[in-house]
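Next come the chains, spelled out residue by residue.
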Amino acid sequence: MSIGEALARKRQDAGLTVTQVSERTRIRETVIRAIECDDFSICGGNFYARGHVRSIARVIGLDPEPLVREYDDAHGGAPQAISAATAFEPETPVRFRERRSPNWTAAMAVALTLVLIYGIVQAFGTNGQARTPVRIESRVVVATPTKSPAPIKSAPVAMAARKEVTVRVKAKRASWVSVRDSNGKLLFSGLLHAGDTKEWSAKKKIRILIGNGGGVKLTVNGKDLGSPGSSGQVIPLNFGPGDPETA
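Everything numeric in this text was worked out from a predicted model, so none of it was measured. (Residues numbered from 1 in each chain as written. Predicted model: local features only at pLDDT ≥ 70, side-chain atom pairs only at ≥ 80, totals over all residues. Heavy atoms only, no water.)

J.: I'd like to hear about the side chain of Ser 22, residue by residue, with values.
T.: In this fold, Ser 22 is placed in helix H2 (residues 18-25). Residue class for Ser 22 comes out buried when judged on its relative accessible area of 14%. Excluding residues that lie within four positions of it along the chain, Ser 22 makes contacts with Ile 27, Arg 28, Glu 29 and Ile 32. (Helix = DSSP H or I, 4+ residues; strand = E, 2+ residues; numbered from the N terminus. Buried < 20%, exposed > 50% of the residue type's maximum accessible area, 1.4 Å probe, protein only. Contact = heavy atoms within 4.5 Å.)

Listed below in structure tokens is the structure:
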């Protein structure tokens, strides 16, 4: 018995229609009917086909793993396994620009230099006669810049640290997503379709694995990060209460 035949027969035995399975799995009815006819061409690739088979099997009460192994045997074998540490550690850290305060020390030095040059020009006029040095010193003292109040603006640094991390994912195109907390507890695992939005919160860390980096938009602690990768790229990311730094 083929994969599609096994799924169709078990669905019928469970008394479920294709529409009911579609509502529970959020997989389009046309895709479910094609899979039951052993047509996986509209699934979008082997990665999504495996996910569809697992989702449908679980809803109708069928063990998905034998079906997935049968699919892999018929389509070139299972994908190469990667370690959990590799999956949840991003290859390229997400960097954010840090706003730096103006260099007031350098500005003061330039201002003093200009004042000194102006004083020397005034002291030695075109007739070659030197003016009173006291006048030059007076100009330097008067032109000394006052201390800048800029450090007062750094007060927001003392704000209370965020205690939770919140991650929101909005799907632009279909993408499989897996989300876990710092203890490895599974918060979500499934396929998001275009227009779907999901949000999760945790105290220490959220680890997220995205199957289509260019198909989703991320918002972390209220900060819009956009799409984390390109279309079809598998992206593992970690976020804590302090990420991103400018949020």
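J.: Could you give an account of helix H1 (residues 3-13), with specific residues and numbers?
T.: Of all the positions in H1, only Ile 3, Gly 4, Ala 6, Leu 7, Ala 8 and Arg 11 are classed as buried. Next to the buried residues of H1 lie H2, helix H3 (29-36), helix H4 (46-60) and helix H5 (64-74). In the stretch just after H1, Gly 15 is the one whose phi turns positive, near 75°.

J.: Give a description of the sheet that holds strand S6 (residues 216-220) that names residues and reports values.
T.: Spatial ordering of the open sheet is given by S4-S1-S6-S7, a layout of 4 strands whose pairing is antiparallel. Of all the strands in the sheet, the pair left with one neighbour each is strand S4 (197-202) and strand S7 (223-226). In this sheet, neighbouring strand axes are inclined to one another by 20° on average, regardless of whether the strands run parallel or antiparallel. Bridging between strand S1 (residues 165-171) and S4 involves 6 bridges; their strand directions are antiparallel. Across the sheet, Thr 166 pairs through a bridge with Ser 201, a residue of S4. (Pairing = 2+ DSSP bridges. Axes fitted to C-alpha atoms, helices over the stretch in contact; angles between N-to-C directions.)

J.: Hey, could you go over a negative patch on the surface for me, with residue numbers and the actual values?
T.: A cluster of acidic residues, Glu 5, Asp 38, Asp 39, Glu 70 and Asp 73, forms a negative patch at the surface. In this structure, Glu 70 sits in helix H5. (Patch = residues over 30% accessible without salt bridge, like charges linked within 9 Å, V, L, I, M, F, W, Y side chains within 5 Å. Areas by Shrake-Rupley, 256 points an atom, 1.4 Å probe, with all protein chains shown as cover. Salt bridge = Lys/Arg side-chain N within 4 Å of Asp/Glu carboxyl O. Lys, Arg positive; Asp, Glu negative; His and termini not counted. Charge placed at Lys NZ, Arg CZ, Asp CG, Glu CD.)

J.: Talk me through unusual backbone geometry; I want residue IDs and the actual numbers.
T.: Of note, the bond from Asp 243 into Pro 244 is cis; its omega dihedral lies within 30 degrees of zero at -20°. We note that Asp 38 has phi near 60°; this positive angle belongs to a residue other than glycine. By the secondary structure assignment, Asp 38 is in the loop between H3 and H4. According to the relative accessible area criterion, Asp 38 is partly exposed, its value standing at 34%. Positive phi, close to 50°, is recorded for Asn 221, a residue that is not glycine. Locating Asn 221 in the fold gives a position in the loop between S6 and S7. We classify Asn 221 as buried; its relative accessible area is 7%.

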